[in-house]
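Residue-level structure breakdown
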Amino acid sequence: MKEITGDLSAAGLKIAVVVSRFNSFLTEQLVKGAEDAFLRMGGAEKDVVLVRVPGAYELPLAAAKLAAKKYDAVVCLGAVVQGATAHADLINQATAKAFSEISIATGVPVLDGVVAAENLEQAVERCGTKQGNKGFSAMQSAIEMANVMKKLKV
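Note that this is a predicted model, so its numbers are computed, not measured.

The rules behind the values
- Residues numbered from 1 in each chain as written.
- Predicted model: local features only at pLDDT ≥ 70, side-chain atom pairs only at ≥ 80, totals over all residues.
- Heavy atoms only, no water.
- Helix = DSSP H or I, 4+ residues; strand = E, 2+ residues; numbered from the N terminus.
- Rg over C-alpha atoms; globule rule 2.2 N^0.38 Å.
- Buried < 20%, exposed > 50% of the residue type's maximum accessible area, 1.4 Å probe, protein only.
- Areas by Shrake-Rupley, 256 points an atom, 1.4 Å probe, with all protein chains shown as cover.
- Lys, Arg positive; Asp, Glu negative; His and termini not counted.
- Charge placed at Lys NZ, Arg CZ, Asp CG, Glu CD.
- Axes fitted to C-alpha atoms, helices over the stretch in contact; angles between N-to-C directions.
- Parallel < 35°, antiparallel > 145°, perpendicular 65-115°, else oblique.
- Contact = heavy atoms within 4.5 Å.
- Nonpolar A, V, L, I, M, F, W, Y, C, P; charged D, E, K, R; others polar.
- Arc of directions from axis to C-beta.

So, the overall build of the protein chain
Counting secondary structure elements, the protein chain contains five helices and six strands. Shown N-terminal to C-terminal, the secondary structure of the protein chain runs as helices and strands in the order β-α-β-α-β-α-β-α-β-β-α. For 154 residues, the compact-globule estimate of 2.2 N^0.38 gives 15 Å, and the protein chain sits close to it at 15 Å. Within the protein chain, the fraction of its 154 residues that count as buried is 43%. For the protein chain, the exposed area adds up to about 8400 Å²; of that, 56% sits on carbon and sulfur atoms. In the protein chain, 17 positive and 16 negative side-chain charges are present, and the distance between their average locations comes to 7 Å.

Things to note about the environment of Glu3
Looking at where Glu3 falls in the secondary structure, it is placed in the segment before strand E1 (15–20). Taking the C-alpha atoms as reference points, Glu3 and Leu111, 108 residues apart in sequence, are found 23 Å from one another.

Topic: the packing of helix H2 (residues 59–67) against helix H3 (residues 87–106)
One can describe the packing of H2 onto H3 by two numbers: an axis separation of 9 Å at closest approach and a directional angle of 10°. Here H3 runs roughly parallel to H2, going by the angle between their axes. Listed contacts from H3 to Leu59, Pro60, Ala63, Ala64 and Ala67 of H2 are Thr95, Ala98, Phe99, Ile102 and Thr106. Classifying every residue of the contact of H2 with H3 gives eight nonpolar, two polar and no charged.

Focus on H2
For H2, the set of buried residues is Leu59, Pro60, Ala62, Ala63, Leu66 and Ala67. The buried residues of H2 occupy one face: seen down the axis, they fall within an arc of 165°. Turned more than 90 degrees from where H2 packs its buried face, Leu61 and Lys65 sit exposed. Those residues of H2 that are buried are in contact with E1, strand E2 (48–53), strand E3 (73–81), H3 and strand E4 (110–117).

And the structure:
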């Protein structure tokens with residue numbers, strides 16, 4: 001059986017990163033993680049573009065526009081912390097569904113790097129401390145999926 005897998009080489013890939021400005025003290029750490037992953041895996045700084053949007057709810061619109069361009073993958077970064085209402089759940093569900101729909105419609109991987117946390121402590125842990133950095137892991141997945149998609153086009 002022939003097996004198709006992606007590798008973790010970012011060399012030659014063009015990746016777009018979309019980040020929410022809301023909760024910027026968290027999302028800036030995600031951006032640093034994503035950039036670190038891209039460069040460590042052989043990507044060139046000129047091949048990654050950063051787009052800033054107001055909040056997590058705006059991520060899918062920018063991601064859709066970028067996926068329609070010449071990018072190999074789009075990484076979406078944000079931080080949504082649960083409050084006293086169900087607002088965070090609505091945002092998280094809407095964005096996750098939209099990222100998947102954009103990926104399927106365009107054939108371009110759109111990775112969900114939105115931290116969904118019940119409280120601020122959990123969010124901080126997922127933005128570069130105890131639980132790693134979701135920006136780094138989202139970029140790793142973007143690189144791997146971009147390479148898988150290139151192999152599937154052959």
